[in-house]
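Spelled out from the first residue to the last, the chains are:
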Amino acid sequence: EISFTRLVSYIEDRDAWRSFKGTIFRDPRNGEIVKNERQPLVHNLDSLPLPAHDLYPMALYYPPVYIWGKKVANIVTSRGCPYDCTFCEAKMTFGRTFRYHSEKRVLEDLAFLNRKYGYDSFQFYDDIFTTHRDRVVRLCEAMLRENRNYKWMCYTRTDRVDLELLKLMKRAGCYMISFGIESGSQNLLDKIRKKLTVETNMAGIEACVKAGMMGIGTFMLGLPGETAEQTR
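Draft legend 1. Examining the overall build of the protein more closely. A tally of helices and strands in the protein yields nine helices and nine strands. Burial status across the protein gives 41% buried among its 232 residues. Within the protein, the 29 negative side-chain charges are centred at a point lying 2 Å from the centre of the 35 positive side-chain charges.

Next up, the structure:
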C-alpha cells in the first residue's frame, strides 16, 4: 500500500522513484535497473483502510464455490504465516510474521460490507486464520456478543484447531473450514516441509465434522518425486 501509492503519486517524477522503498524498476532514461530496499511491513493493520469498493463493479464479483448466504464477500483479516512450506511465497512477501486486524476493526468492516453492499456471508482468506488462537476466540466471542448473524468460512491448518475452538467458531457462524492438506503421503509432506502428519490431518478434519461444520482439504498433484501410487 505504501510503496504503490507513493509511486502513483510521483509517477512523472522519475528521480523520486529512487527513494521509494519496496520498488524495483528500469530507469527509462538509461535502462539501469534500480532495486531499492524493502518497504518495512505495516505492523498496525488497523491503520489501513478497506479497499475502495465503490470503484469496482461489486455485483460482478462472487466466490465460485462454498457459497452460503445471499451474497458472499472475501476479506483478509491478517497477514503472514510462521511456517516454511516449500511451495508458498507468503514468507517471501511477509517474512515469518503474523499480524492481524483487531476484532473491533474486523467487525466494523463486516458491518460496513453488510450495510453498504448487502453481504451476509464472508470468506476469510487469511493464510492461516487460526494462527493466533486467542485472537480467534476474541473475534468469535465478539460476533456472538453483538449477535452478528453472518455465515463464514476460513482457511487454516489441521494442527491449528481443536474441538473446543471449532465449536466456538461454529456457534459464531462458521460453516466450513478449508484445510491445507496437500498430500496423503507422509513422505511428500516431509519433502515440502509441511510439518504435518497424515494422522494430524485426519484428526483435524474429523474434529471439524464433529463440531458440526464441513471440513474440506486442498491437495497438490505432481509434487517433485511423486509416484502414481502416492497420487492414488
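Draft legend 2. Fine view of the pairing of strand β7 (residues 151–156). Taken across its six residues, β7 has five buried, putting it largely inside the fold. In terms of strand pairing, strand β6 (residues 121–124) meets β7 through four bridges, oriented parallel. Opposite F124, over in β7, you have C154 as the bridge partner. Handedness of the β6-helix α5 (residues 133–145)-β7 crossover: right-handed. As paired elements, β7 and strand β8 (residues 174–182) share five bridges and run parallel to each other. Bridging across to β8, M153 finds its partner in M176. This β-α-β element, β7 to helix α6 (residues 163–171) to β8, shows right-handed connectivity.

Rules used throughout
Residues numbered from 1 in each chain as written. Predicted model: local features only at pLDDT ≥ 70, side-chain atom pairs only at ≥ 80, totals over all residues. Heavy atoms only, no water. Helix = DSSP H or I, 4+ residues; strand = E, 2+ residues; numbered from the N terminus. Buried < 20%, exposed > 50% of the residue type's maximum accessible area, 1.4 Å probe, protein only. Lys, Arg positive; Asp, Glu negative; His and termini not counted. Charge placed at Lys NZ, Arg CZ, Asp CG, Glu CD. Pairing = 2+ DSSP bridges. Right-handed = clockwise from strand over helix to strand, strands pointing away.

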